[in-house]
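Single-letter residue listing:
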Amino acid sequence: MADANAALFATFLEDWMLRQRTYLRELRSAQQNRQELGDSDKRELINRVLCHYEQYYQEKSRIAQRDIFLVFSPPWFSSLERTFLWIAGFKPAKAFHLVNQAVRDLSDEQRHMLSQLSMATRMKEKELNDELAKTHESLANSPLIETARSRGRACLDRARQLRSRHTWEIVIEREEEGGVPSELQVTMESVVASADELRTNTALGVLQILRADQAVTFLADVAELQLKIRTKELLANDEEDEGMHVHALASS
């Protein structure tokens, strides 16, 4: 049923991205009208955007519980999107590159607090990298990443077929034959859950340091970059600058 899982999440992601575009328009509008909007209005918008991201992580968690390999090599992502993957999602420390690019009026105190948070985040990233490496080493006879990639490619082909027939009323069950060993499933689910928790806590930590208007700007730039990477809708006169920005993010 891995193909069905991939198909269902791909459809969810399409709808989620449509809502993401709507939120981007709201965030940009709030930026333009920041003098008229009070902090309470900005915080209300920020909270709605955070709930939107929470919905994404909840759905991704469900898919991970059904087939952990899918989130490690998601067939619903483009090759460009996959260059940003780190333990089934973006690398938490990328948030600091983005906030420094987006917010131009950070105070010295804010920069110090962001630096402290960045160091703590990178330490936790290393811990998770080490944990994942140990898991790989314990699976000498189980080439995890190649299996994930193979499964992802096969799922994408079958998911497209499912989508073309609009067969969405599917009861998802774990595969019994050729499925993921339960011990491996639990271990990898734990690593992904810890990585998602770090992603969430890092983003919340950044937002707590920023003023409401700065947080709106940060979230708007995050959403815009995500949509550009997803759709490749780069304006011709921005292609070179954006390409350098994307390359810097992917290599940071």
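Check the entry above for the structure.
Source: prediction; values computed, not measured. (Residues numbered from 1 in each chain as written. Predicted model: local features only at pLDDT ≥ 70, side-chain atom pairs only at ≥ 80, totals over all residues. Heavy atoms only, no water.)

J.: Sorry, what's going on with the nonpolar core here?
T.: Within soluble globular proteins, side chains that are nonpolar tend to cluster in buried spots. Of all hydrophobic cores here, the largest spans 61 residues; its most connected members are Leu13, Tyr56, Val71, Phe72, Trp76, Ile87 and Phe218. Counting residues per element, the ones that place at least two in this core are helix H1 (2–32), helix H2 (39–66), helix H3 (68–72), helix H5 (94–102), helix H6 (108–137), helix H8 (182–209) and helix H9 (212–231). The element contributing the most residues to this core is H1, with eleven residues. Among residues more than four places away in sequence, those in contact with Val71 are Lys60, Ile63, Ala64, Ala88 and Val192. (Core = buried A, V, L, I, M, F, W, Y, C linked by side-chain atoms within 4.5 Å. Buried < 20%, exposed > 50% of the residue type's maximum accessible area, 1.4 Å probe, protein only. Helix = DSSP H or I, 4+ residues; strand = E, 2+ residues; numbered from the N terminus. Contact = heavy atoms within 4.5 Å.)

J.: Is there a simple way to explain the pattern of salt bridges in this structure?
T.: In a structure, side chains of opposite charge can pair up when their charged atoms sit close to one another. Tallied over the full model, the rule gives eleven salt bridges. Glu26 is the salt-bridge partner of Arg48, the closest N and O atoms lying 2.7 Å from each other. Within this pair, whereas Arg48 is found in helix H2, its partner Glu26 is found in helix H1, the two being separated by 22 residues in sequence. Among the residues examined, Arg48 registers a relative accessible area of 28% and is labelled partly exposed. The exposure class of Glu26 is partly exposed, given its relative accessible area of 30%. The partner of Asp130 in a salt bridge is Lys126, and the shortest N-O contact between them spans 3.1 Å. Within this pair, Asp130 and its partner Lys126 are both found in helix H6, separated by four residues, close to a single helical turn. (Salt bridge = Lys/Arg side-chain N within 4 Å of Asp/Glu carboxyl O.)

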